[in-house]
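Structural features, examined
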Amino acid sequence: MFEGKHVTLTISGSVAAYKAATLARSLQRAGATVRVVLTAAAARFVTPATFAALTKQPVLTDTTWWHDDGQIAHVELADWTDLAIAAPASANLMAQFANGLANDVASATWLATAAPKVVVPAMNSHMWQAAATQRNRQRLLDDGVTVLQPATGALAEGYAGTGRFPEPADIVRQLEQLELFTPQTLRGKSVIVTAGGTRERLDPVRFLTNDSSGKMGYAVAAAAQAAGATVTLITAPTRLTPPAGVTVVPIQSTAELAEAVLTRFPQADALVMAAAVADFQPLTAADQKIKKTKDNDELILKLKKTPDILAEVAKVKRTNQVTVGFAAETQNLLANAQRKLQSKSLDLLAANDVSRADIGFNSDDNQVTFIQADGSRDQTPKTSKQMIATALVARLAAILETK
Ligand code: CTP
């Protein structure tokens, strides 16, 4: 797994810092090239010379950080990195990372790194259990960082507790079990993803929309990008932050979404329509705010059908392009989904039961049945939208291979 990979090992001030030498050796034996960053506190426990000799690479410390040779050392290292591991990570280092600080070489390098990140905490058990540390741990998890569990046992303080640095062999074993490196199955491919619920204007201050949070589409955009694709995310308004590096095209109405998709689709290899598209829009949008009057106890809205974007796309789709849809159903899930797959000429469709409160609209989790044009079907377990997105991207890449 580590063969040919560039691993940056950040070491912070902890009695366990000496064990990081064994960890660096184990990673090298597993095939990685390792470069080390020492915090100022770590440099009081272990020396840069140890790690320079072990790794045959220069070690970055606060004193060697800035040179006058024009090199921005922490950014160069961050860009070089395929995997960043902070081990041992002290409570202070976790707090720096969780808060996005860049006030020393370790935190600046970490912040500049776009590669997958793993934190291996090591600290006194009370420091580990402190509310602030647990809050920082949760923040790191929310940011997509993997945080390993510290070991339980004798601490340097002379009593037992949770906070021990795990044995280096254990750390390597745990790392190998995580799927840290995403296979670049979409490298060189251009993928359009739509997300969120469209808004159809009634008047300047009101619109019709639906419960979509955009989470599924954003997760697909992130997964496609992680797999090496160039991603355009066409998104209705959501509360989410788009994944860094994707091209974002904001839209509101179905008409705007249709226009954004249809102008870009000819240049794309694949389209994933995760947007929850309004099927109807007001016949006319009022120019001024609709007022209530004495006479209008009832207000009748006249709606007209919106364009079916996937059906429009189907008309211009080339044989080497892949289209993926979602089917949001509250009944007859598979029969309706199968019909949509065919009527919209899709290669892949993710069918989900939106009548369940624990999955689908607005939830962090989902469970879908993937239906493919070749008739194959498979159901995912109930899992995070990120996992569903990764599964969808794997299928998308496999279909593109056959085109
Ligand atoms: N879709 C679309 N254009 C529309 C409506 C939906 O492209 N006007 C896309 C959605 O983004 C989704 C797929 O079609 O990928 C299925 O959407 P869904 O709302 O489940 O189905 P509908 O086509 O709207 O059919 P129905 O109203 O019968 O459920």
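Residues numbered from 1 in each chain as written. Predicted model: local features only at pLDDT ≥ 70, side-chain atom pairs only at ≥ 80, totals over all residues. Heavy atoms only, no water.

1. Section: the overall build of the protein
Regarding its fold elements, the protein presents 14 helices and 21 strands. Projecting the C-alpha coordinates of the protein onto the three principal axes gives extents of approximately 80 × 55 × 45 Å. Relative to its full complement of 403 residues, the protein shows a buried share of 48%. Within the protein, residue pairs in contact and separated by at least 24 positions form 66% of the contacts whose partners lie at least 6 positions apart. Here the protein has roughly 19,700 Å² of accessible surface; of this, 51% comes from carbon and sulfur atoms. Both charge centroids of the protein, one from 40 positive and one from 37 negative side chains, sit 2 Å from each other. (Helix = DSSP H or I, 4+ residues; strand = E, 2+ residues; numbered from the N terminus. Buried < 20%, exposed > 50% of the residue type's maximum accessible area, 1.4 Å probe, protein only. Contact = heavy atoms within 4.5 Å. Areas by Shrake-Rupley, 256 points an atom, 1.4 Å probe, with all protein chains shown as cover. Lys, Arg positive; Asp, Glu negative; His and termini not counted. Charge placed at Lys NZ, Arg CZ, Asp CG, Glu CD.)

2. Notes on the domain arrangement of the protein
Segmenting the protein into domains produces domain 1 (6-178) and domain 2 (190-402). Placing a centre on the C-alpha atoms of domain 1 and another on those of domain 2 gives a separation of 40 Å. (Domains from an automatic or database assignment.)

3. Digging into the side chain of Thr235
Mapped onto the fold, Thr235 is located in strand E11 (residues 230-235). Apart from the residues lying within four places of it in its own chain, the contact partners of Thr235 are Ala195, Tyr218, Val248, Val249, Pro250 and Ile251.

4. Quick notes on a nonpolar patch on the surface
Where nonpolar side chains cluster on the molecular surface, the patch consists of Phe280, Leu299, Leu301 and Leu303 and spans about 380 Å² of accessible area. Inspection of the secondary structure puts Leu301 in the loop between strand E14 (280-282) and strand E15 (303-305). Here Leu301 falls in the partly exposed class, since its relative accessible area comes to 41%. (Patch = residues over 30% accessible without salt bridge, like charges linked within 9 Å, V, L, I, M, F, W, Y side chains within 5 Å. Salt bridge = Lys/Arg side-chain N within 4 Å of Asp/Glu carboxyl O.)

5. Topic: the pattern of salt bridges
Counted by the stated rule, this structure contains 14 salt bridges. Taking the shortest distance from any N to any O, the salt bridge between Asp203 and Arg206 comes out at 2.5 Å. Residue Lys315 pairs with Glu312 through a salt bridge whose shortest N-O separation is 3.3 Å. Residue Lys315 and its partner Glu312 are located together in helix H12 (residues 309-316), separated by three residues, close to a single helical turn. Given a relative accessible area of 63%, Lys315 falls into the exposed group. Look at Glu312 and you get partly exposed, because its relative accessible area is 30%. Through salt bridges that share partners, Lys19, Arg164 and Glu167 make up one connected network.

6. Quick notes on the nonpolar core
With 35 residues, the main nonpolar core has Leu186 and Val272 as its most contacted residues. Listed by contribution, the elements that provide at least two residues to this core are strand E8 (190-195), helix H10 (215-226), E11, strand E13 (270-273), strand E16 (322-329), strand E17 (348-353) and helix H14 (385-402). Ranked by residues supplied to this core, first place goes to H14 with nine residues. Not counting chain neighbours up to four residues away, the residues in contact with Leu186 comprise Val191, Ala224, Ala227, Gly228, Ala229, Val393, Leu396, Ala397 and Leu400. Ile11, Leu23, Ile85 and Leu175 belong to the second largest nonpolar core, which has 32 residues in total. (Core = buried A, V, L, I, M, F, W, Y, C linked by side-chain atoms within 4.5 Å.)

7. What about the site of the ligand?
In the vicinity of the ligand, 15 residues are found, and the nearest of them are Met273, Ala275, Phe326, Lys340 and Lys344. Within the backbone of Ala275, a nitrogen or oxygen atom sits 2.9 Å from an oxygen atom of the ligand. At 2.9 Å from a nitrogen atom of the ligand is found a main-chain nitrogen or oxygen belonging to Pro307. Secondary-structure elements contributing two or more residues to the shell around the ligand are H12 and E16. The dominant element in the shell around the ligand, judged by the number of residues it contributes, is E16, at four residues. Residues belonging to the shell around the ligand are distributed by class as follows: nine nonpolar, two polar and four charged. (Near = heavy atom within 4 Å. Polar contact = N/O pair within 3.5 Å; in protein donor to acceptor, adjacent residues only side chain to side chain. Nonpolar A, V, L, I, M, F, W, Y, C, P; charged D, E, K, R; others polar.)

8. Here's the deal with the layout of surface pockets
Approximately 900 Å³ is the volume attributed to the second largest pocket. Around the second largest pocket, the lining comprises 43 residues; the ones closest to its centre are Ala275, Ala276, Val277, Phe326 and Ala328. Looking at the lining of the second largest pocket, the elements with two or more residues in it are H10, E15, H12, E16, helix H13 (333-343) and E17. Sort the elements by how many residues they give to the lining of the second largest pocket and E16 lands first, with four residues. (1 Å grid on protein atoms, 1.4 Å probe; cavity = no way out; pocket = protein on both sides within 12 Å on 5 of 7 lines; lining within 4 Å. Points joined across faces, edges and corners; volume = space filled by probe spheres on them.)

9. Focus: the side chain of Thr55
Among the structural elements, Thr55 can be located in helix H3 (residues 48-55). Of the polar contacts made by the side chain of Thr55, one reaches the backbone oxygen of Phe51; its length is 2.6 Å. Not counting residues up to four positions away in its chain, the partners in contact with Thr55 are Gln28, Val34 and Val36.

10. Comments concerning the sheet that holds strand E4 (residues 117-121)
The strand order across the open sheet built from five strands is E2-E1-E3-E4-E5, with neighbouring strands paired in parallel fashion. The two strands at the open ends of the sheet, each matched to only one other strand, are strand E2 (33-38) and strand E5 (146-147). Pairing of E4 with E5 involves two bridges; the strand directions are parallel. Bridge pairing in E5 links Val119 to Val147. The strands touched by H3 within the sheet are strand E1 (6-11) and E2, with E2 carrying the most contacts at an inclination of about 170°. (Pairing = 2+ DSSP bridges. Axes fitted to C-alpha atoms, helices over the stretch in contact; angles between N-to-C directions.)

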